[in-house]
Amino acid sequence: MLFTPVKCDPKPSSDRTTAFRRAMSLDNGVSISWLEQTWNNDILDKKAIKVSDLKLLKQLGFKSIRLPVAFAHFQNDDNSMQKILGHIDETLGLCRLYGFKLIICYHSGNLNDDNYLAETQKVMSLWTMLAEKYIRENPDNLFFEIYNEPPHMDPEKWNYAAYNIVKTIRQIDKNRTLIVGASNYNSIYELSRTVPMADDNVIYTYHFYEPFFFTHQGAEWIGDQVSTTGVPFPYDANNWPPLNPKAKGTAGEANYDKYNRDGNEQSVRDKLQIVKDWAQKYDLPILCGEYGVYNKYADLNSRCRYIKAVRQTLKALNMPGMLWDYNSNFSIFDGEPAVTNLPDCMKDAIGYSGKK
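Let us look at the structure shown here. Since we're looking at a predicted model, the values are computed, not measured. (Residues numbered from 1 in each chain as written. Predicted model: local features only at pLDDT ≥ 70, side-chain atom pairs only at ≥ 80, totals over all residues. Heavy atoms only, no water.)

A look at the pairing of strand 7 (residues 286-291)
Next up, step 1: Among the six residues of strand 7, six are classified as buried, and the element is accordingly described as predominantly covered.
Next up, step 2: The sheet contact formed by strand 6 (residues 202-208) and strand 7 spans five bridges and is parallel. Bridge assignment links His-207 to a residue of strand 7, and that residue is Glu-290.
Next up, step 3: In terms of strand pairing, strand 7 meets strand 8 (residues 321-323) through two bridges, oriented parallel. By the bridge assignment for strand 8, Tyr-291 is matched with Leu-323.
Next up, step 4: Once you follow strand 7 into helix 12 (residues 300-316) and on to strand 8, the crossover reads as right-handed. (Buried < 20%, exposed > 50% of the residue type's maximum accessible area, 1.4 Å probe, protein only. Helix = DSSP H or I, 4+ residues; strand = E, 2+ residues; numbered from the N terminus. Pairing = 2+ DSSP bridges. Right-handed = clockwise from strand over helix to strand, strands pointing away.)

Re helix 10 (residues 251-262)
Next up, step 1: Taking 1.5 Å of rise per residue, twelve residues should cover 16 Å, yet helix 10 covers just 14 Å from first to last C-alpha, more than 12% shy of that figure.
Next up, step 2: Where helix 10 is concerned, the buried positions are Gly-252, Tyr-256, Tyr-259 and Asp-262. For helix 10, the arc enclosing every buried residue in end-on projection is 125°, short of the 170-degree limit, so these residues lie on one face. Exposed residues lying more than 90 degrees from the buried face of helix 10 are Asp-257 and Arg-261.
Next up, step 3: Each element contacted by the buried residues of helix 10 is listed here: helix 9 (212-215) and helix 11 (265-282).
Next up, step 4: Sitting at the head of helix 10, Thr-250 places a side-chain oxygen 3.0 Å from the backbone nitrogen of Gly-252. (Expected span 1.5 Å × (residues − 1). Arc of directions from axis to C-beta. Contact = heavy atoms within 4.5 Å. Polar contact = N/O pair within 3.5 Å; in protein donor to acceptor, adjacent residues only side chain to side chain.)

Quick notes on the pattern of salt bridges
Next up, step 1: Applying the stated criterion to the full structure yields 19 salt bridges.
Next up, step 2: The salt bridge partner of Asp-200 is Arg-16, with a shortest N-O separation of 2.9 Å. Of the two residues, Asp-200 sits in the loop between helix 8 (188-192) and strand 6 while Arg-16 sits in the segment before helix 1 (17-25), which places them 184 residues apart along the sequence.
Next up, step 3: Exposure remark for Asp-200: the relative accessible area of 25% places this residue in the partly exposed category.
Next up, step 4: As a salt-bridge pair, Asp-262 and Lys-258 come within 3.9 Å of each other at their nearest N and O atoms. Of this pair, Asp-262 and Lys-258 both sit in helix 10, separated by four residues, roughly a single helical turn.
Next up, step 5: In this structure Asp-262 comes out as buried when scored by relative accessible area, which is 18%.
Next up, step 6: Put simply, Arg-21, Arg-22 and Asp-140 are held in one network by salt bridges that share partners. (Salt bridge = Lys/Arg side-chain N within 4 Å of Asp/Glu carboxyl O.)

With respect to the state of the cysteines
Next up, step 1: One pass over the structure, following the stated rule, counts one disulfide.
Next up, step 2: Between Cys-95, a cysteine without a disulfide, and Cys-105, which holds the nearest cysteine sulfur, the sulfur-to-sulfur distance is 14 Å.
Next up, step 3: Look at Cys-95 and you get buried, because its relative accessible area is 1%.
Next up, step 4: Exposure remark for Cys-105: the relative accessible area of 0% places this residue in the buried category. (Disulfide = S-S within 2.5 Å.)

Considering the sheet that holds strand 4 (residues 142-145)
Next up, step 1: Spatially, 1-2-3-4-5-6-7-8 is the arrangement adopted by the eight strands of the closed barrel, whose pairing is parallel. Ignoring which end each strand starts from, the neighbouring axes of this sheet average 30° apart.
Next up, step 2: Of the pairings in the sheet, the one linking strand 5 (residues 178-181) to strand 6 comprises four bridges and is parallel in character. The residue of strand 6 that forms the bridge with Ile-179 is Ile-203. (Axes fitted to C-alpha atoms, helices over the stretch in contact; angles between N-to-C directions.)

Details of the nonpolar core
Next up, step 1: Formed by 99 residues in total, the largest nonpolar core has its most connected members in Phe-71, Trp-127, Ile-146, Tyr-206 and Phe-208.
Next up, step 2: Broken down by element, this core gets its largest block of residues, eight residues, from helix 4 (residues 78-98).
Next up, step 3: Counting residues in hydrophobic clusters, the runner-up holds eight residues, among them Leu-26, Ile-103, Ile-203 and Leu-287. (Core = buried A, V, L, I, M, F, W, Y, C linked by side-chain atoms within 4.5 Å.)

Notes on the side chain of Thr-205
Next up, step 1: Looking at where Thr-205 falls in the secondary structure, it is placed in strand 6.
Next up, step 2: On the basis of relative accessible area, Thr-205 is assigned to the buried category, the value being 1%.
Next up, step 3: Excluding residues that lie within four positions of it along the chain, Thr-205 makes contacts with Glu-145, Ile-179, Val-180, Gly-181, Ala-182, Asn-186, Leu-191, Leu-287, Cys-288 and Gly-289.

Topic: the layout of surface pockets
Next up, step 1: Here the largest pocket is characterised by a volume of approximately 1100 Å³.
Next up, step 2: Considering the residues around the largest pocket, the lining is formed by 42 residues, among which Glu-149, Tyr-185, Tyr-209, Phe-212 and His-216 are closest to the centre.
Next up, step 3: Of all the elements in the fold, those that place two or more residues in the lining of the largest pocket are helix 7 (183-186), helix 8, strand 6, helix 9 and helix 10.
Next up, step 4: Among the elements that take part in the lining of the largest pocket, helix 10 stands out by supplying five residues, more than any other.
Next up, step 5: Taken together, the residues of the lining of the largest pocket sort by class into 18 nonpolar, 16 polar and eight charged. (1 Å grid on protein atoms, 1.4 Å probe; cavity = no way out; pocket = protein on both sides within 12 Å on 5 of 7 lines; lining within 4 Å. Points joined across faces, edges and corners; volume = space filled by probe spheres on them. Nonpolar A, V, L, I, M, F, W, Y, C, P; charged D, E, K, R; others polar.)

Okay, structure coming up:
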């Protein structure tokens, strides 16, 4: 059964105290992104999170783990789902042992404007199963992120889907803090236009990769708009690459032309201020669920400067943040995760002094 959304009034609520506290407990987080890698045929047979990983993350000062899972890809295969749930249970056990908060995130979904009614039912079915399975888990330590990066779709259709997913979970679990983002891939701009739902136990999330021209330079899955590589952060006229011919006529050409204005710390702060202002307007807890830099083409020092700028701005604005990601193509390590493979500038960027 699908329900009609009910929105909240922009008035402070003392009932959000718990959600605010839990949101801040997620600060200094990181995604471990192996169960969303649908392009890897053997992902379910890999044990990607080990005791050594939790010890390393603890040493580096991380406090929470976000676990994106491509549920829609495996949902119709009972054997695969059992393996998925086994991996989640094992990860949850390690998080309990080492004192990490855990977010289970519904990743790689199929929602769009045309199928949102049917797809919402599928997502609701999955969350019904998960809510029942984890009903006894401490809500201070386990969070549900209902859907990663809803696509560029009608915001009202996404809001309708989100409300119904939340309503479904609430029929089972009244106490779990849920994490909800906006359409257009957890856009800060879409979120700033959103009227929150009438549920005081929700953390609102956004993903921050601004300027995208820098953070995703050379990312093959994005396309020609990010084909220009060698882009520094901040903008440096003396170290400025030519526009890749493939980017001509795309958004990448416009982004190239305005990078001298967008590629700096003040621009990062101005954009993050947009979601901070929205959260203050409605008195809501908010989470930067992803930020980071594709590490194949961006130079190390630029990556360090960017991550430090975002991290420090988030802290100045009192907004918790989570890096994307631990050990894939946005990793902060130079090689396999290890303190010895963490460059000095990245240690500085994440605030690691070596004393933890």
